[in-house]
Structure formats: structure tokens, C-alpha cells
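Descriptive analysis of the structure
So you can see what is in the structure, the chains are spelled out below.
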Amino acid sequence: QTTTKPPPTPSPLRFSKFFQPNMRILVTGGAGFIGSHLVDKLMEDEKNEVIVVDNFFTGSKDNLKRWIGHPRFELRRHEGVTVSVTCLLFVDVTEPLLVEVDKIYHLACPASPIFYKYNAVKTIKTNVIGTLNMLGLAKRVGARILLTSTSEVYGDPLVHPQPESYWGNVNPIGVRSCYDEGKRVAETLMFDYHRQHGIGCPQYSTDAFMISMHFATEIRIARIFNTYGPRMNIDDGRVVSNFIAQSLRDEPLTVQAPGTQTRSFCYVSDMVDGLIRLMEGDNTGPINIGNPGEFTMIELAELVKEVITYSQEAALCLISPKVEIKMVENTPDDPRQRKPDITKAKELLGWEPKVKLRDGLPLMEEDFRLRLGVSKKI
Ligand code: NAD
Ligand code: UDP
Ligand code: UDP
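Remember, predicted model here, so these are calculated numbers, not experimental data.

Moving on, we get to the nonpolar core. Among the nonpolar cores identified, the biggest contains 77 residues, and Val27, Ile104, Ile145, Ile244 and Leu275 are the most heavily contacted of them. Per-element accounting of this core gives the leading share, 6 residues, to helix H7 (residues 239-248).

And the structure:
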């Protein structure tokens, strides 16, 4: 089989990788909330070398501070020059990136509505050009690439709970479209690269060795549902971080009207476990990764009051909690319901979440207390 396209320049490290045991893993968006927990987990395996690229828009070097200076960890600049990990460098996935890696976890993209709406055009560029660049990179070096897509691809869903086969109900011109349509295009790009450069489709025939190496684009797509846990930005605007920060600051919990809209919240360690299983397994996806426990925003506010405020007050002889719930205006196109159907994740990945919301909230509370400097009132 021959094609008209000239063969791409083979990456020298593609050869050397066969002679060295370490797995080089790129995590884009690795300084963010989920990305930094993923880095922690990947770094536990001594065979993994982890490279993080991030533009630090919503992420922070603090999230990675335990790895700064570690011999198996690098922050990189996009020219491909290795730099001291203590340097503060800015890497944007909308720029071409030259690194030699075996696997790519592509997370880079702001996830909180207030941040992704802040510069909507940049969000689209990140989703479209950023994913294109990561796919170009994956194709050149023969790396497997996992995209963290989102439950937002289902929009304001008319099917409940949402299976992967549901095509969604998305407003293409709304204020959330930069994110949800951006992720939908990112998924499309993933599958088009897979189909066009997939296994069994060597791009050129002149070099038998290269064909046997399969410069294939092996893809994995996770559709992530709302995730929470330590290291979320305190003022990030998402509902769980807002409610916990508000309750620790003795401020009213701002439930956006009508408050009957639902979400399903997955603790971050479960999420990371699901992402790694997806990457290591044989299925392209898309696969929903999320916790099917479904809560209205009023129920969530009540639970936060009970678990966080009340536990504080309980230590002070069961004085009733003083934190109030305040109904505030909502933003346009807010999905009314969201709950993952995780049949595929269970069957294909052997994955299901372990941490209940009631158990995960106190773990996040601990982290928020430290960062806000609010001690327990005992
Ligand atoms: P986050 O905002 O904490 O992390 C995103 C990271 O990407 C940040 O470190 C940010 O600085 C970086 N980034 C953003 N734009 C970039 C760019 N152009 N170049 C390089 N780096 C860039 O968000 P998160 O909650 O950790 O989400 C991670 C991924 O998971 C995102 O792709 C998001 O869409 C997806 N996701 C998250 C959730 C959730 O509930 N947290 C739900 C669905 C999907
Ligand atoms: N790309 C990259 N790193 C690489 C290889 C490619 O960032 O190691 C980028 C490249 O700049 C291009 C995109 O990925 O914009 C898509 O690359 P591909 O080779 O698929 O497409 P082409 O360059 O042929 O348009
Ligand atoms: N929300 C809320 N109070 C807040 C922030 C958000 O009631 O302070 C609601 C919001 O209207 C939405 C849900 O919580 O229905 C989840 O919002 P979030 O921004 O966390 O994530 P989304 O699922 O919308 O991306």
C-alpha cells in the first residue's frame, strides 16, 4: 500500500524506546485539578517518566510541587528544550509541541464555566487546535492518546441517564458552546485521526521496519462527568468548590435557580483510576466516567451543610448550623439533568466509583481548610 503523502520524518526516539524500559507519558493540563492527581498516580510507578505541559491558566505549580526536581518528572517548553523544572515556563497546546513520548493524556482545557467562558475563542482554540496538535504529535511518535471529553457533549440531555450512544442536545451558538461544541469537535478529530491513520493503515510502504512499527493513532476518549476533590481552585466557580468555600467562610450557599437541576459527582481518585484503566485497556471509547449518584443542587447544598457545617457545630454541643442557602440567578443553557450510564465502564474497564459524595466532601474540606487557613472550631 502506498500513499501520495511523503513519509514523515521518523522520530529518533521511536527507535530508542524499544531499548529502554521506561514509559514516557505526557500529561497536558497536568498542573490542573484532575491532571495533577493523575500525575501523582502515574509517578507512583517507577517505570513512568512524566512530562507535564500547561499554560497555567487555571492550573498551578503548587499542585505539582512534590514532584518538582524529581528525576522522573519534567515541565517542558514547547521548543523541545529540556529546562530546569524549577523554571516557571509557559506551554500552550495551541502551539506545536515536539516531545518524544509513548502515551499522551490530553487534559489541557479550562473546565469551570466561568473560566472557559472568560475567553471563549481561546477555549475553542484549545479544544480544536490543541487537540489537533496533540494528535499530530501522537501520530508522529506513535503514541496512544487519551482525550478527556465531557458529559457536556450531551448538552441539556433529553435522554436520562446518558449512555454513550446518545448524540446529545447541544446549543451550537450559546455561551457554553465554546466548551461543549469544542469538545465535540475534539472527539471528531480523535476519531478522524484514528480512522485515517489507524492500525492496519500504514501510511507508507517504502520502509518495512516503519510499517511494522504501526505509526497508528491509537485513541481513547473519556467522557468525564462532574468531578470534585482536593486542589480544585477555591474560587473556581464550580458548585462543589463554591459550596465548601462558602460554608467555611460562613457565607450563604449560592444555589442557582431553580435548584432542582441535577448533577452526579465523582471523587477525583475514582476518576484517575477510570482514566488509567481506559488508557491501558483495549477500547477506544467514548466511555462515560462518572459517579451515577444524582443530586439536585438543593440536595447538594443540604448535604454540604450537614457534612461540613453541622460537623463543626456538633462539636459545639449541636448548635444548629448557621450557614444559609440563598437562591441566585442561573446562567444561560444550564443543563437541567445529568447522570452517567456507566454500564460500558463497568463491563469494558471493570471500573465503578468507590467514594460516595458524603465521604468525599470531608476530604475536600480538609484541603480547603488548609488553603483558606480556617481551622476546625473545636
Ligand atoms: P482545570 O482547569 O483544573 O485543569 C485544566 C488545566 O489545563 C489547567 O492546568 C490549565 O492551566 C491547563 N490549560 C488550559 N488551557 C491550556 C492550554 N491552551 N495549553 C496548556 N494548558 C492549558 O480542569 P480539570 O477539572 O482538571 O479538568 C481537566 C480536564 O477534564 C479538562 O479537559 C476538562 O474539560 C475535563 N473535564 C473535567 C470535568 C470536571 O468536573 N473537573 C468534567 C468534564 C470534563
Ligand atoms: N504537530 C505537533 N507536534 C508533532 C507533530 C505535529 O505539534 O510532533 C502538530 C503540527 O504542527 C500540526 C498538527 O500537529 O499543526 C497536525 O499534524 P499532522 O501531521 O497531523 O498534520 P499536517 O501537519 O500534515 O497538517
Ligand atoms: N451551581 C450552583 N451554585 C453555584 C455554582 C453552580 O447552584 O455556586 C449550579 C449550576 O447552576 C449547575 C450546577 O451547579 O446547575 C453545576 O455547575 P458547575 O459550574 O459546577 O458545573 P457544570 O456541570 O455546569 O459544568
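Okay, back to it.
For the rest of this paragraph, the subject is the site of ligand 3. What surrounds ligand 3 is a group of 13 residues, the closest being Arg238, Val239, Asn242, Gln256 and Met297. For the shell around ligand 3, the secondary structure elements donating two or more residues are H7 and strand S8 (253-256). The dominant element in the shell around ligand 3, judged by the number of residues it contributes, is S8, at 3 residues. Of the residues that constitute the shell around ligand 3, the class distribution is 4 nonpolar, 6 polar and 3 charged.

The axes of two packed helices give the description: the angle between them and the distance between them. Orientation of H7 relative to helix H11 (residues 357-372), taken along the N-to-C sense of each, is 55°, at an axis distance of 10 Å. The angle between H7 and H11 places the two elements in the oblique class. In this structure, H7 meets H11 at a crossing whose hand is right-handed. Across the interface between the two elements, Ile244, Ala245 and Leu248 of H7 pack against Met364, Glu365, Phe368, Arg369 and Leu372 of H11. Its residues assigned to classes, the contact of H7 with H11 shows 6 nonpolar, no polar and 2 charged.

For the rest of this paragraph, the subject is the site of ligand 2. With respect to spatial proximity, the complete set of residues near ligand 2 consists of Pro96, Leu97, Leu98, Leu132, Asn133, Gly136, Leu137, Lys139 and Arg140. Broken down by class, the residue content of the shell around ligand 2 amounts to 5 nonpolar, 2 polar and 2 charged.

Quick look at helix H8 (residues 268-280) now. With 13 residues, H8 ought to run about 18 Å at 1.5 Å a step, and its terminal C-alpha atoms sit 18 Å apart, in line with that. Among the residues making up H8, those that are buried are Val268, Asp270, Met271, Val272, Gly274, Leu275 and Leu278.

Let us look at the pairing of strand S2 (residues 48-53). When you tally the buried positions in S2, you get 5 out of 6 residues, the bulk of the element. As paired strands, strand S1 (residues 23-28) and S2 are joined by 6 bridges and run parallel to one another. From the neighbouring strand, Ile25 faces S2, where its bridge partner is Val50. Since S1 and S2 lie parallel, the crossover through helix H2 (residues 33-43) that links them has a hand, and here it is right-handed.

Our focus in this paragraph is the packing of H2 against H8. Direction vectors running N to C along H2 and H8 enclose 65°, while the axes themselves pass 10 Å from each other. Here H2 lies roughly perpendicular to H8, going by the angle between them. The crossing of H2 and H8 is right-handed. Across the interface between the two elements, Ile34, His37, Leu38 and Lys41 from H2 touch Val268, Ser269, Met271, Val272, Leu275 and Ile276 from H8. Partitioned by chemical class, the residues of the contact of H2 with H8 number 7 nonpolar, 2 polar and 1 charged.

Parameters at a glance
- Residues numbered from 1 in each chain as written.
- Chains lettered and ligands numbered in written order.
- Predicted model: local features only at pLDDT ≥ 70, side-chain atom pairs only at ≥ 80, totals over all residues.
- Core = buried A, V, L, I, M, F, W, Y, C linked by C-beta atoms within 7 Å.
- Buried ≥ 20, exposed ≤ 12 C-beta atoms within 10 Å, placed from the backbone.
- Helix = DSSP H or I, 4+ residues; strand = E, 2+ residues; numbered from the N terminus.
- Near = placed C-beta within 6 Å.
- Nonpolar A, V, L, I, M, F, W, Y, C, P; charged D, E, K, R; others polar.
- Axes fitted to C-alpha atoms, helices over the stretch in contact; angles between N-to-C directions.
- Parallel < 35°, antiparallel > 145°, perpendicular 65-115°, else oblique.
- Left-handed = near helix turned anticlockwise from the far one by under 90°.
- Contact = placed C-beta atoms within 7 Å.
- Expected span 1.5 Å × (residues − 1).
- Pairing = 2+ DSSP bridges.
- Right-handed = clockwise from strand over helix to strand, strands pointing away.

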